[in-house]
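Results of the structural survey
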Amino acid sequence: MNQLALSDEILMTVDKPARYIGNELNIIKKNLDEVDIRFVICFPDVYEIGMSHLGIQILYDMFNKRKDVYCERVYSPWPDLHKIMKEQEIPLFSLETQKPVKTADFLGITIQYEMCYTNILQILDLSQIPFYARERTGEDPIVIGGGPCVYNPEPLADFFDLFYIGEGETSYDALFDLYKKMKANGKDRSDFLFETSKIPGIYVPSLYEVDYKEDGTIASFQPIREGVPQKIQKQVVMNLSDSVYPTRPLVPFIKATQDRVVLEIQRGCIRGCRFCQAGMIYRPNREKNIDLLKTYAYEMLKNTGHEEISLSSLSSSDYTDLNELVTFLIDNFKQNGVNISLPSLRIDAFSLDVMSKVQDIRKSSLTFAPEAGSQRMRDVINKGLTEEVILDGAKLAFDGGWQKVKLYFMLGLPTETEEDMRAIAELANKIAVRYYEIPKEQRNGKCQITISTSFFVPKPFTPFQWAKMYDRDSYLARAKVVNDAVKAQLNRKSIKYNWHEADVTVLEGILARGDRKIAQALLKVYEKGGIFDAWTEFFDNSRWIEAFEECGIDMDFYTTRERSLDEIFPWDFIDAGVSKEFLAREWNNAMAAKVTPNCRMKCSACGSMRFKGGVCYEDKN
Amino acid sequence: MKIRIKFKKYGVMKFIGHLDIMRYFQKAMRRAEIDIAYSEGFSPHQIMSFAAPLGVGITSDGEYLDIEVNATKSSAESIRALNQTMVEGIEVVSYVKLDDHAKTAMSIVAAADYYVYGKSGSELPYSLDELKVKQKEFYEDKEEILITKKTKKGQKTMDLKRLIYDFSIDEREGKPVFYLKVCTGSTDNVKPELVLEAFYEFLGSMFDASLFQVHRLEVYAADENNGFRPLSEMGEEIA
C-alpha cells in the first residue's frame, strides 16, 4: 500500500478524507519505474462530482491499457484542504501513487463548464505549476485541456500548453508516441509543442497570434509559424461500437453523484435544438450496437456491484433499439434488485409503460423539458415538440397514476416577448387542468407541478452563437413575469416556480464566448480567493465584477452586444464539423420561427456528413 | 439462513467511515455473487447489519456483519469469492452459519478490546515503568473512576471503572502499547480514547488523540458465565 501524501493528522481534520486516499475498487496499479509516461487526469471539481464523469473513466481505462502510460487521477481539493495545502505548501498529488502532480509528464484537465475555470487555476497553483504556459519549463508537465468547453478555449488559452479538440479516443496514441520519441531524442518543450500541432485535433495556443480591430472584435487569427495548421479539426470516433469502453469502472467509497453503472448508448443527437451545444458538437449521431450494450450491462454490473444502471445519451428515445434494450435490462436485472434509471426519455405510451415497471409511481415525478412556453418560441429554438404532444403525455401520465410533474424552461431566448414568458405559466396551468379533468374519485388529491427556469447562455458552434444576452436585472424581470403569471392563475396552488440566479448566467456568457483578453481577469478572480465558483456557497459575484473592472474589460462587449453575421469569432479556427454557413442558415430560420426537420427525417447539410458515418449514412449501406 | 462475516480493516481503509463501509459491502455481495436475501417492498434492500460501528481512523482485526442468504456455498468458497473482490485494506477472515434463531451481532455486542499505541514519530513523555506504576494507581487500586461527560442536556458524571473490563500496558519496539477491553454496545459504549483521556488527566497531562493509533482486536458478546465470547465463535463453518 502506498504512503499517503497527507498525514493522518490532516486526513482526520478534513471533511471526507476518502476524497484523497485513492485505493478505490478497480483502481489501476502500476510501477512508475516500468512506465514511460505519467499522465495525471483531472476533473476540476470536488471528488464526488469528478468521479461521476464518464469521459474520465473512458480515458483512464484507455490510457492505462497502454503498458508505457500510467494514467492517474486528481480532483479539486475542497476549500478546507485547500487552505491547509497552501499554508503548509503541500504540493497537489495524484490519487494512485500519491506523488506530486508537478512531477508528471502530462496534466490533462477536462473542462466541462465555465464556472470551474477558477478551479483550473487552483489545480495549477496547488500543483506548484506556473499559471501561464509561457512561464513553464522542461521541469513542468505539459498541461492539456479537453472537454466541451474547449470548443472555445480562448479565455483559457494562456494557461494551457495544448488543447485536444473533440473526442479523446482518436489522437492520444499519436500524442504519446510523439512524446516518447522526442523525449528519447532529447528534444525540448517548444519543439514538442510545435510537432504536436500537426496531430489532428491538437491546438497549441502559443503558436497562434490574434489581432483585434479597434472595436475589440477579432481582425485576424493566424499561426505564427510555417507548418502549423490554420484550422483544427475536431476529433470524432466513427466506429463507436469498436471503441474502448470501461467495463471495470472505478467505484468510489463515498457516494458519488453518479453512484451507478452508466451505459453510453449513443453519441450525438438528431434533433438540432438551436440552443444546444452538445447537439451540434457531437454530430453526427452514432448509435452503439445493442448486443454489445447488453454485454456491457452484464459485465459492468458484475464488476462494480452497483445496484443501479442508467442509460446515457442526449436523447435516449431516439435510440433505435431502445425498446429491446430496456426490456432486456428489466428482464435480466430487475429481480436482482437492480434499479433501472432512464433519463432523457420523451413521455409517451412506451416510456410510461417502462417507467411504471422501474419506478414507484406514487413517489416519482415525470420530467418534461419543453424549454419554451409558447409554440412560437419552441419553433424558434427548434424544439420539435407541440403543445398537443406535451398535454397528451401529461394526460397519459396522470391516467397512469403519476401526480408529480417537473417542467424545464429557458428564459432570455432570442426574440422572447412577454407573451412567451407568460406562456410558461399558462402551459403549466393547462397541464394542471388535464389533471383536474380526471373525476375526483379517481384521482389522489392535488397534482404537483414544478416549473424551473434557467437563463439561456449562447454557446459557440450553435445557431444561437450570434444571439445577444441581457443584463442581470433584465433576466430577473423575466423571471418575475413568469412568477406573476403563475400566481395569477386558477391552479396556482398546484404549481411551484423556481428560477436560477442571474449573476452566474452573465459570467457564463462572458466565459463561453470570451477571447484571450479574459485570461488576466480569471487569474485576478482566483487571486481574490475565487474557487468552487460553481457552488453557490462559495460563489462571490463581486470578485468577478472587480476583476473585470481592474483589467479594463467591458462585460457588455461579451454579453449584450449585437454580433454581425460576418464577425470573426474567437473559436472560428476550430472546424467542429457543422459549418458556419449551416449555423447562419439556422440562425435565420430561428428568426423566422421556421422549424428544421431532424437528421432522420431530412438531412440539412450541416457539414457532418464528411465524417462518413452515423445517422448521415443510416439508410445508405 | 443467517451468516456472520468477520473482516479486517487496515491501512488507508481506516479513513472510510462506517456508512461507506456498509455501502462497500452491499456492492461487494453482488460482485462476489453471494445469494443474499432482500427485504420486501418496492425498493428492496439487502438484509445486512453491522455489529459495532468503527470510528474513522481506527483499524481493526475484528469487524462483523450479519447477513441473511437464500443459499450459500461453503465457508471457504465464500471467503475466497469475497476476497477476490476486496480492495487492499479489507480482508474477510471468517464466514459462518448462525442458528436460525440467533440474535444479530448488533443486538448482542457487549465488549470490544483495543490496542492504542503512539504513531511513528510520536514520543511519550513517560517511561514504561512510570506508566505501569501510574496505571495501577489509576485503575487497579481504585473502586471507581469518575469522569464528567458532556451530553446534549449538559454534563453527566459517570463511573468508568465498571465499564473497563481490562486495562494493561505492554511494550512493543520499545514503546508502550495500551491494551483495553471496554464495554461496547448501544447502552454503555466506551471508546478507548475516553479511558486514555481520563488516564492522562490523572497523570496531569493531555491525551492528544492525533498522536495515537487505535486498533480494535475483537468484538465480544456476553456468555453465560459472566465472561465474553468472540462473535465469530457463535457460528458453524459451512462445509
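Bear in mind the structure is a predicted one, so any value in this text is a computation, not a measurement. (Residues numbered from 1 in each chain as written. Chains lettered and ligands numbered in written order. Predicted model: local features only at pLDDT ≥ 70, side-chain atom pairs only at ≥ 80, totals over all residues. Heavy atoms only, no water.)

A look at unusual backbone geometry
A cis amide bond, omega -5 degrees, links Arg283(A) with the succeeding residue Pro284(A). Among the secondary structure elements, Pro284(A) is positioned in the loop between helix 8 (278-281) and strand 12 (286-287). (Helix = DSSP H or I, 4+ residues; strand = E, 2+ residues; numbered from the N terminus.)

A short note on the pairing of strand 10 (residues 261-264) of chain A
Along a regular strand, successive side chains alternate from one face of the sheet to the other. Residue and element names in this part refer to chain A. Because side chains alternate across strand 10, one face comprises the buried residues Val-261 and Leu-263, and the other comprises Val-262 and Glu-264, equally buried. Summarising the sheet, strand 10 and strand 13 (residues 308-312) pair through 4 bridges and their orientation is parallel. Residue Val-262 lies in a different strand from strand 13, and its bridge partner there is Ser-310. (Buried < 20%, exposed > 50% of the residue type's maximum accessible area, 1.4 Å probe, protein only. Pairing = 2+ DSSP bridges.)

Notes on the sheet that holds strand 15 (residues 365-371) of chain A
Residue and element names in this part refer to chain A. Read from one edge to the other, the open sheet built from 4 strands follows the order 15-16-17-18, with strand pairing classed as parallel. Lying at the two open borders of the sheet, with one neighbouring strand each, are strand 15 and strand 18 (495-499). The sheet shows a mean angle of 20 degrees between the axes of neighbouring strands, direction not considered. Relative to strand 18, strand 17 (residues 448-455) runs parallel, the two sharing 5 bridges. Within strand 18, the position partnered with Thr-453 by the bridge is Trp-499. The sheet strands contacting helix 13 (residues 387-399) are strand 15 and strand 16 (404-411), and the helix crosses strand 15 at an angle near 175 degrees. (Axes fitted to C-alpha atoms, helices over the stretch in contact; angles between N-to-C directions. Contact = heavy atoms within 4.5 Å.)

Some details on the domain arrangement of chain A
Size of an interface, as often reported, equals the accessible area lost when the parts are brought together. Residue and element names in this part refer to chain A. Partitioning chain A into domains gives domain 1 (3-233) and domain 2 (260-359 + 577-621). Here the C-alpha centre of domain 2 lies 29 Å away from the C-alpha centre of domain 1. With 9 residues of domain 1 at the contact, the number on the domain 2 side is 11 residues. Taking both sides of the interface into account, the surface hidden between domain 1 and domain 2 amounts to around 780 Å²; carbon and sulfur atoms contribute 46%. It is Leu-54, Tyr-151 and Glu-167 in domain 1 that bury the most area against domain 2; as a group they hold 56% of the surface buried on that side. (Domains from an automatic or database assignment. Buried area = accessible area lost by both parts, 1.4 Å probe.)

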